[in-house]
Amino acid sequence: MGYVTIRDNSLWTKHIEGDAEIVTRILGLPANAPIRLVIDGSELSFRKMRDGTDGRPTAGLRPDQDSRAAWDKLLERRGIKVRLHLPDHPVLIDPYLASLVPLLDEWTSTEDARAYDGL
């Protein structure tokens, strides 16, 4: 499980923390390929953005039409950090610990994820 900071009309890999597998999977997609992600408890569908005009890959996703309303709803809370995972990787979360995440956001850095994930 990772976290993504909601910042833009697109989802960028540079805003994903704590789950290298998701970033690797996104970067490995060809242009316009679909991917489904569970963001803040909702399963949303995205498409990989087209490569740049100079051929460099773009490290971002655009929400599909069926997920645009849900993504726009998240954008209303721009700047927040929410949970993110792949649908085929269910997350078992202790409800008490989950309630503490907004209070302890200084503990959700990439460095902490590397140090403590899997414990």
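Remember, predicted model here, so these are calculated numbers, not experimental data.

What counts, and where the lines are drawn
- Residues numbered from 1 in each chain as written.
- Predicted model: local features only at pLDDT ≥ 70, side-chain atom pairs only at ≥ 80, totals over all residues.
- Heavy atoms only, no water.
- Core = buried A, V, L, I, M, F, W, Y, C linked by side-chain atoms within 4.5 Å.
- Buried < 20%, exposed > 50% of the residue type's maximum accessible area, 1.4 Å probe, protein only.
- Helix = DSSP H or I, 4+ residues; strand = E, 2+ residues; numbered from the N terminus.
- Contact = heavy atoms within 4.5 Å.
- Pairing = 2+ DSSP bridges.
- Axes fitted to C-alpha atoms, helices over the stretch in contact; angles between N-to-C directions.
- pLDDT = per-residue confidence, 0-100.
- Polar contact = N/O pair within 3.5 Å; in protein donor to acceptor, adjacent residues only side chain to side chain.
- Salt bridge = Lys/Arg side-chain N within 4 Å of Asp/Glu carboxyl O.

Remarks on the nonpolar core
- Counting 21 residues, the largest nonpolar core has Leu11, Leu37, Ile39, Phe46 and Trp71 as the members making the most contacts within it.
- When contributions to this core are tallied by element, the ones reaching two or more residues are helix H1 (20–27), strand S4 (34–39), strand S5 (42–48), helix H2 (68–75) and strand S7 (81–85).
- Apart from residues lying up to four places away in sequence, Ile39 is in contact with Val4, Leu11, Leu44, Phe46, Trp71, Leu74, Val82, Arg83 and Leu84.

Let's talk about the sheet that holds strand S2 (residues 11–12)
- One open sheet accounts for seven strands, arranged S2-S6-S5-S4-S7-S1-S3; its pairing is antiparallel. Taken across any chain shown, the strands that pair with only one partner, and hence form the sheet edges, are S2 and strand S3 (16–17).
- As judged from the two bridges shared by S4 and S7, these two strands associate in the antiparallel manner. Residue pairing for S7: Val38 is matched across the bridge by His85.
- Sheet strands touched by H2: S2, S4, S5 and strand S6 (60–63). Its angle to S5, the strand with the most contacts, is close to 105°.

Overview of unusual backbone geometry
- The backbone phi angle of Asn32 is positive, close to 70°, even though this residue is not glycine.
- In this fold, Asn32 is placed in the loop between H1 and S4.
- Looking at Asn32, the relative accessible area reads 48%, which means it is partly exposed.
- In the Ramachandran plot, Asp40 falls in the positive-phi region, its phi being about 55° despite a non-glycine side chain.

Focus on the confidence of the model for the protein chain
- When pLDDT is averaged along the protein chain, the result is 85; 80% of the residues meet or exceed 70.
- Ranking the elements of the protein chain by mean pLDDT puts helix H4 (residues 110–116) last, at 68, and S6 first, at 96.

A word on the side chain of Ser45
- If you trace the backbone, Ser45 turns up in strand S5.
- At a separation of 3.5 Å, a polar atom in the side chain of Ser45 contacts the side chain of Arg36.
- Excluding residues within four positions of it along the chain, Ser45 makes contact with Ile35, Arg36, Pro63, Asp64, Asp66 and Ser67.

Points about the pattern of salt bridges
- Taken as a whole, this structure holds eight salt bridges when the rule is applied.
- With a closest N to O distance of 2.7 Å, Arg56 and Asp54 form a salt bridge.
- According to the relative accessible area criterion, Arg56 is exposed, its value standing at 59%.
- Between Glu76 and Lys73 there is a salt bridge; the shortest N-O distance is 3.6 Å.
- Here the residues in one salt-bridge network are Glu21, Arg25 and Asp88, joined through shared partners.

A look at the environment of Thr5
- Along the chain, the position of Thr5 falls in strand S1 (residues 2–5).
- Residue classification places Thr5 among the buried residues on the basis of a relative accessible area of 8%.
- Residue contacts for Thr5: discarding those within four places in its chain leaves His15, Gly79, Ile80 and Lys81.

Some words on the side chain of Ser67
- Within the secondary structure layout, Ser67 lies in the loop between S6 and H2.
- Setting aside chain neighbours within four positions, we find Ser67 in contact with Leu44 and Ser45.

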